[in-house]
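# Observations on chain architecture
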There are 6 protein chains.
Amino acid sequence: MRLLTRLLAPKAIAHAHCDLPCGVYDPAQARIEAESIKGIAEKYASNEDPVFRARALIIKEQRSELVKHHLWVLWTDYFKAPHFEKYPQLHQLFNEATKMAGASGTKGSIDVASADALLAKIDEIAKIFWETKQA
Amino acid sequence: MRLLTRLLAPKAIAHAHCDLPCGVYDPAQARIEAESIKGIAEKYASNEDPVFRARALIIKEQRSELVKHHLWVLWTDYFKAPHFEKYPQLHQLFNEATKMAGASGTKGSIDVASADALLAKIDEIAKIFWETKQA
Amino acid sequence: MRLLTRLLAPKAIAHAHCDLPCGVYDPAQARIEAESIKGIAEKYASNEDPVFRARALIIKEQRSELVKHHLWVLWTDYFKAPHFEKYPQLHQLFNEATKMAGASGTKGSIDVASADALLAKIDEIAKIFWETKQA
Amino acid sequence: MRLLTRLLAPKAIAHAHCDLPCGVYDPAQARIEAESIKGIAEKYASNEDPVFRARALIIKEQRSELVKHHLWVLWTDYFKAPHFEKYPQLHQLFNEATKMAGASGTKGSIDVASADALLAKIDEIAKIFWETKQA
Amino acid sequence: MRLLTRLLAPKAIAHAHCDLPCGVYDPAQARIEAESIKGIAEKYASNEDPVFRARALIIKEQRSELVKHHLWVLWTDYFKAPHFEKYPQLHQLFNEATKMAGASGTKGSIDVASADALLAKIDEIAKIFWETKQA
Amino acid sequence: MRLLTRLLAPKAIAHAHCDLPCGVYDPAQARIEAESIKGIAEKYASNEDPVFRARALIIKEQRSELVKHHLWVLWTDYFKAPHFEKYPQLHQLFNEATKMAGASGTKGSIDVASADALLAKIDEIAKIFWETKQA
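No experiment lies behind these values; they were computed from the predicted model shown.

## Section: helix H6 (residues 112–134) of chain D
Between its terminal C-alpha atoms H6(D) stretches 33 Å, which fits the 33 Å expected from 23 residues at 1.5 Å a residue. The complete set of buried residues in H6(D) reads D:Ser114, D:Ala115, D:Leu118, D:Leu119, D:Lys121, D:Ile122, D:Ile125, D:Ala126, D:Ile128, D:Phe129, D:Trp130 and D:Thr132.

What follows is the structure, encoded as structure tokens:
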């Protein structure tokens, strides 16, 4: 289904993200990392090999850091004053989302629920993001 | 349009990418960086300020490296022997794509055409990728 | 003034920064990078050698990114809900400060004034930070 | 044998590796990291201290990633169309080698055998590499 | 004492650290990381959760590497021939300090004593550093 | 000469470099990066395209940093007290070599002579290194 939508979508639609800025941003970057964290949590739960589990924790730490980074970039580089006026909850949303990828969230625990909560929060941000792109 | 398709797409579809492996891969990671390169090339062409242009070259170098990295990860971590049997052109496709993000491509030049060529090549890979996900 | 605050603070008060969290944070990390940016801008202004100037731009880009990173860490990892209640301007302060280390600030320009403005903003944050540590 | 090849090679023949490109490449970069992985596996086997073992796994993960990176660089940046024509097995060789430094190889396991297998595969690549340098 | 030195120093004396060089150096960068290591060791000792402990080891490894890096930068970039003449013990001091942040120190062990020893050594270096800044 | 030393050395003598430590060190890591810097300087001299030259400066900065890093690792992690007693010039040799890869050397200038001087200094270190491995 999503494949179909991708095929049908015009190719030139971009997303922006580097701080030149190039003008390409996409919350998908944070989401992909968060999905990875969820995948890691699921595999961790079903594999008790200590070497595998150590690797899972090492990689989850990196992926959580990437989630934080991608979200911070959106918050600082993409969103501007008019956005914050229109969506006054944005600051807190980003602060909560990045905390949820930190020690009190997917860094500190390795359960699927933490990853799901993070994904839901990223989706809240993504929804606003895409609204601003349509405006 | 793409926004619509995103809204309609089921949320659970993931993409995999870390070498735990978590099982989440998505050619979108390479594509987003390549779109950034295109955005940089466009802005470079229309801005002759030397400081801006130096920054554009610095950032384009990093983004090109990221494209290479994301493609290499797909080639080594996601694609397996049966895929290479079914798509014998895959090796060359990836070799060409990563070269197109290198010195003979978007690293070595700063024109929109190089970025477009890279994007087209990534789309060829993405098409195969999504076919294998549906199988 | 900041030094005085430091002098008066018990030695064991550290500054915390890793997201274990270890409990050690210090706005000095962002400030040192910002001071470096100012030093770079000053040297750039008085040295027209193109190789030197190219290096200055490369390094300034990295240092600006480090300022952003250190500030993001403080905003997400150190500051908690009670702080944001007591200092409702904190979100905007951090958003402005990180923007001032980005394309519209020390990344996009190479003048001493941009660096000074960033330093002043970091000091505003540091003042609040040290107040919360004394509480 | 490889050393002999090196001895016979004119001193100015360098090894190339950066994507300027500078023209300096050397499979030794991947080999040194793989030797490190072997050393780590040997020390891990003879030391049951959990802190030591955790460190070994952390570092082995990084070194395996470096092996993959150095090999990818050779495959994309050094080897050109004529090489792939003359050595049609090259693509598969690199794909296998990088997989052997990943989850199904030295990342996923911590035994000396995995490291030895990786080293042997790197030597296969190095043999071809030095042949192309002599041509 | 160090704080006092800082207080007395003219405000414009910065601390230099990038190799442009920008002229801004500050041993505080190494010290903050070492304080973090101490905080990690303390928390590790009082928390037996294996996931927490794995994270502590992962992060301690990174922080120890940062200590080494910041000290190396001071040793190579800040200190010049006249300093080494006046303080002939400097080379050994830095060699010992960086070793104390390595395998035989805070990387290899997770006890508070190792972190304290490292902090004391950094303070020895910092004392000399600030003396040279006042000269 | 160095090659000869290598030829004569038993194959199992590896080169050690990670701070587990794995016991694998090799000055070749620093030398390969320095050779790259030389290659970059040569290509820079014969190519006046401003985009090419900007890339050359960006990459040379990174390679110089890698030289410094690899040398620092040898100095701190490989060499021990008995080595420094036997080779009292080692500290200064490393301090000079890392400075030669910095602002006063291959970072600050882009001439072949700076790269040659760095290579010669690395070879001095390598000669001592291999002597200690044979002892």
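## Description of the relation of the copies chain D and chain E
Between chain D and chain E, which share one sequence, the superposing operator has a rotation angle of 120° and an axial displacement of 0.0 Å; the RMSD is 0.0 Å. Viewed as a symmetry operation, the transformation between the two copies matches a three-fold axis. In this assembly, only 20% of the residues forming the interface of chain D have copies in chain E that are likewise at the interface, indicating a heterologous arrangement.

## A few points about the packing of aromatic side chains
Inspection of every chain in the model, using the stated rule, returns 48 aromatic pairs over all chains. Look at A:Phe129 and A:Trp130: their rings are 4.9 Å apart centre to centre, the planes differ by 85°, and that puts the pair in the edge-to-face class. With a relative accessible area of 0%, A:Phe129 lands in the buried category. Centroid distance B:Tyr78 to B:Phe79: 4.8 Å. Interplanar angle 75°. Geometry classified as edge-to-face. Taken together, the ring pairs in this structure connect A:Tyr25, A:Tyr78, A:Phe79, A:Phe84, A:Phe94, A:Phe129 and A:Trp130 into an aromatic cluster. Just above the ring of B:Tyr44 sits the side chain of B:Arg53; from NZ or CZ to the centre is 4.1 Å.

## As for unusual backbone geometry
Of the consecutive residues A:Leu20 and A:Pro21, the connecting peptide bond is found in the cis state with omega at 5°. Relative to the helices and strands, A:Pro21 resides in the loop between helix H1 (2–8) and helix H2 (28–45).

## Some thoughts on the packing of H2(A) against helix H3 (residues 50–78) of chain A
Residues and elements named next belong to chain A. Remark: H2 packs on H3, axes separated minimally by 9 Å, with the N-to-C direction vectors making an angle of 160°. It follows that H2 is roughly antiparallel to H3 by the angle criterion. Handedness of the H2/H3 crossing: left-handed. The segment H2 lies against H3, with Gln29, Ala30, Glu33, Ala34, Ser36, Ile37, Ile40, Lys43, Tyr44 and Ala45 engaging Phe52, Arg53, Ala56, Leu57, Ile59, Lys60, Arg63, Ser64, Leu66, Val67, His70 and Leu71. In terms of residue class, the contact of H2 with H3 is made up of 13 nonpolar, four polar and five charged.

## Structural notes on the side chain of B:Asp26
Here B:Asp26 shows up in the loop between helix H1 (2–8) and helix H2 (28–45). In this structure B:Asp26 comes out as buried when scored by relative accessible area, which is 3%.

## Quick word on the environment of E:Arg63
All names here are of chain E. Checked against the element boundaries, Arg63 lands in helix H3 (residues 50–78). Taking relative accessible area as the criterion, Arg63 reaches 15% and is therefore assigned buried. In sequence terms Arg63 and Thr106 are 43 residues apart; their C-alpha atoms lie 9.3 Å from each other.

Cut-offs and rules
Residues numbered from 1 in each chain as written. Chains lettered and ligands numbered in written order. Predicted model: local features only at pLDDT ≥ 70, side-chain atom pairs only at ≥ 80, totals over all residues. Heavy atoms only, no water. Helix = DSSP H or I, 4+ residues; strand = E, 2+ residues; numbered from the N terminus. Expected span 1.5 Å × (residues − 1). Buried < 20%, exposed > 50% of the residue type's maximum accessible area, 1.4 Å probe, protein only. Least-squares fit on C-alpha atoms with pLDDT ≥ 70 in both. Contact = heavy atoms within 4.5 Å. Phe/Tyr/Trp six-rings, centres within 6.5 Å; stacked < 30°, edge-to-face > 60°. Lys NZ or Arg CZ within 6 Å of the ring centre and 35° of its normal. Axes fitted to C-alpha atoms, helices over the stretch in contact; angles between N-to-C directions. Parallel < 35°, antiparallel > 145°, perpendicular 65-115°, else oblique. Left-handed = near helix turned anticlockwise from the far one by under 90°. Nonpolar A, V, L, I, M, F, W, Y, C, P; charged D, E, K, R; others polar.

On their own, these measurements won't tell you what the molecule is for.
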